[in-house]
Amino acid sequence: MESTSPTPASKKPAAARVGRAAGTGIGLAAAVVGGAAIAGAGLVGHKAVERSRAKAVTPQDKVHVFPFEADKVLAVPANDGLVLHVEVDEPKGWKQSKRPTVVLVHGFVLNLSSWIHQRRELVDAGYRVVSYDQRNHGLSEVGDLEKCTIDQLGQDLRAVIDATTPDGDLVLVGHSMGGMTIMSFAGRYQAFTHARVRGAALIATSAGGDSLVQLGLGKTFDRIIALLGPGFLGNMARREGLWGSARSAGRGIEAKAVQRYAFGTEMPKDLLRQVATMVFGTRLDTIGAFLPELDGLDVRPALPALVDVPVLIVAGSRDVLTPPAHSDRLAEALPAAELVLVPGVGHILQLERPGAVTDAIFGLLEQPHGEDAEADAQRAKGAVREPSA
């Protein structure tokens, strides 16, 4: 398997990275978990603790809050042996269509069901779709916390592709941490990317580096959440009863936090509850392990691997976690990319404004490729004449 040196990450000391962990634009869980813990802890009594274990962890069969009947469900081992939950949709006639396989890569503290709208539309249009739960998320196995890195996620993506789509064109679609996964993948497997990746969609994401996003709650509350840090979350993970009680007491707080950080417009209560189920279905120690990694993220050195690949960048104008400025910087690094700004929406825009995101993905999929793209370019320059009758 081809491999270049891993994409370098920030060399900041661990203490400094932890101190700024809640400032990362991918800290949805830090904000929601921190807010629920602070408010919920004051509402927890001894009786609630005693009866809370049944509510401490989201049941695994309910993690995928938007179920979809896949044609194939696979258990794919990563290169360290951890097993990833993978679902493959193969609509009738997909082999004859010669269309690329679309690989959907979800974001931090979410799972593959966050792509429900796009997945349905893609399958209905005849595209083969591969979806999977990132390590320690959803129905994938929980492994070594030291492996909760963006570089490892890029390697996991390669394992999924090798197991499900050993040949043929690919279009990679990533949201938030999923977009970072794709960038890391491209930097590590540059020749593979050039040979097989026909397009990449980077949605509500960032390449990291300078100017990481703040939570926008003011310095005091930002500092409180920062102080909670991975150590607090890891400790809460070992005390499921207490955490379950805090969750039970703070359901309304969960919904408000999800509304604040995930969406730009007011969303139905049922949707907020479902997204909260995904967020809080993620183990606390996993959240704590990923936060310093995300805070120190810098996958900018991987971006040259995508220069020759059609790239779609999508941002929500009201995204408080990864504001449009992050997408602007991606577009500056990838000048041939198409940048789409969806007005009025927040971070999880594929659920908030699914039509706009789906249409943008179809636009990427329908771009001419290879010889067709070259011919179109020549026509645009007037260099190609239609044959006379």
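Refer to the structure presented above.
Small disclaimer: the values here were computed from a predicted structure and weren't measured.

## Points about the side chain of Gln 350
Here is step 1: Looking at the secondary structure, you find Gln 350 in helix α15 (residues 349–352).
Here is step 2: In terms of polar contacts, Gln 350 uses its side chain to reach the side chain of His 175, at 3.4 Å.
Here is step 3: Aside from chain neighbours lying at most four places away, what touches Gln 350 is Ser 114, Trp 115, His 117, Gln 118, His 175 and Val 357.

## What about the pairing of strand β5 (residues 170–175)?
Here is step 1: In terms of burial, β5 is a largely internal element, six of the six residues being buried.
Here is step 2: In β5, alternate side chains face the same way, and those of Leu 170, Leu 172 and Gly 174 on one face and Val 171, Val 173 and His 175 on the other are all buried.
Here is step 3: Here strand β3 (residues 101–105) pairs with β5 via five bridges, running parallel. Each bridged residue has a counterpart across the sheet, and for Val 103 the counterpart in β5 is Leu 172.
Here is step 4: Of the pairings in the sheet, the one linking β5 to strand β6 (residues 197–203) comprises six bridges and is parallel in character. Residue pairing in the sheet places Leu 170 in a bridge with Val 197 of β6.

## Concerning the nonpolar core
Here is step 1: Judged by nonpolar contacts, the single largest core of 67 residues is most densely connected at Leu 157, Leu 172, Met 183, Phe 263 and Val 275.
Here is step 2: Counting residues per element, this core draws most heavily on helix α12 (residues 269–280), which supplies seven residues.
Here is step 3: Contacts of Leu 172, omitting those with residues within four sequence positions, involve Val 103, Leu 157, Ile 161, Ile 182, Phe 185, Val 197, Gly 199, Ala 200 and Ala 201.
Here is step 4: Core analysis: the second largest hydrophobic core is formed by 24 residues, Val 173, Val 314, Val 357 and Ala 360 among them.

## A few points about the pairing of strand β7 (residues 311–316)
Here is step 1: Burial within β7 is extensive, with six of its six residues counted as buried.
Here is step 2: Burial along β7 is two-sided: the face carrying Val 311, Ile 313 and Ala 315 and the face carrying Leu 312, Val 314 and Gly 316 are both buried.
Here is step 3: By the bridge criterion, four bridges tie β6 to β7 in an arrangement that is parallel. Within β7, the residue paired with Ala 201 across the bridge is Leu 312.

## Comments concerning helix α7 (residues 177–188)
Here is step 1: The end-to-end C-alpha distance of α7, which contains 12 residues, comes to 16 Å, matching closely the 16 Å that a straight helix rising 1.5 Å per residue would cover.
Here is step 2: Counting buried positions over the 12 residues of α7 gives 12, a clear majority of the element.
Here is step 3: Of the positions making up α7, those classed as buried are Met 177, Gly 178, Gly 179, Met 180, Thr 181, Ile 182, Met 183, Ser 184, Phe 185, Ala 186, Gly 187 and Arg 188.

## What about the pattern of salt bridges?
Here is step 1: According to the stated counting rule, one finds 11 salt bridges in the structure shown.
Here is step 2: Here Arg 188 and Asp 151 are joined by a salt bridge, their closest N and O atoms 3.1 Å apart. Taken together, the positions of Arg 188 in helix α7 and Asp 151 in helix α6 (residues 150–164) put the pair 37 residues apart, joining distant regions of the chain.
Here is step 3: Judged by relative accessible area, which is 7%, Arg 188 ranks as buried.
Here is step 4: According to the relative accessible area criterion, Asp 151 is buried, its value standing at 19%.
Here is step 5: Close ionic contact of Asp 298 with Arg 300 constitutes a salt bridge, the shortest N to O distance being 2.8 Å.
Here is step 6: On the accessibility criterion, Asp 298 (17% relative accessible area) is buried.

## As for the environment of Leu 365
Here is step 1: Summarising the element assignment, Leu 365 is placed in helix α16 (residues 354–365).
Here is step 2: Excluding anything up to four places from it in sequence, Leu 365 contacts Pro 100, Val 102, Leu 122, Tyr 127, Val 171 and Arg 198.

## Points about the packing of helix α5 (residues 116–124) against α16
Packed helices, taken two at a time, are described by their axes: the angle between them and the distance between them.
Here is step 1: It is the contact of α5 with α16, at a shortest axis distance of 9 Å, that shows an interaxial angle of 45°. The angle between the axes of α5 and α16 places the two elements in the oblique class. Note that α5 runs across α16; the crossing there is right-handed. Residues His 117, Gln 118, Glu 121 and Leu 122 of α5 pack against Pro 354, Val 357, Thr 358, Ile 361, Phe 362 and Leu 365 of α16.
Here is step 2: Residues of the contact of α5 with α16, tallied by class, amount to six nonpolar, three polar and one charged.

## Let's talk about the packing of aromatic side chains
Here is step 1: One pass over the full model with this rule turns up four aromatic pairs.
Here is step 2: Seen in terms of ring centroids, Tyr 127 and Phe 362 are 6.1 Å apart; in terms of plane orientation they differ by 50°. Their pairing is tilted. With Tyr 127 in the loop between α5 and β4 (129–132) and Phe 362 in helix α16, this pair connects stretches of sequence that are 235 residues apart. The residues Tyr 127 and Phe 362 share a single accessibility class, namely buried.
Here is step 3: Note on Phe 185 and Tyr 189: the rings are 5.3 Å apart at their centroids and 55° apart in plane angle, and the pair reads as tilted.

Cut-off values and rules
Residues numbered from 1 in each chain as written. Predicted model: local features only at pLDDT ≥ 70, side-chain atom pairs only at ≥ 80, totals over all residues. Heavy atoms only, no water. Helix = DSSP H or I, 4+ residues; strand = E, 2+ residues; numbered from the N terminus. Polar contact = N/O pair within 3.5 Å; in protein donor to acceptor, adjacent residues only side chain to side chain. Contact = heavy atoms within 4.5 Å. Buried < 20%, exposed > 50% of the residue type's maximum accessible area, 1.4 Å probe, protein only. Pairing = 2+ DSSP bridges. Core = buried A, V, L, I, M, F, W, Y, C linked by side-chain atoms within 4.5 Å. Expected span 1.5 Å × (residues − 1). Salt bridge = Lys/Arg side-chain N within 4 Å of Asp/Glu carboxyl O. Axes fitted to C-alpha atoms, helices over the stretch in contact; angles between N-to-C directions. Parallel < 35°, antiparallel > 145°, perpendicular 65-115°, else oblique. Left-handed = near helix turned anticlockwise from the far one by under 90°. Nonpolar A, V, L, I, M, F, W, Y, C, P; charged D, E, K, R; others polar. Phe/Tyr/Trp six-rings, centres within 6.5 Å; stacked < 30°, edge-to-face > 60°.

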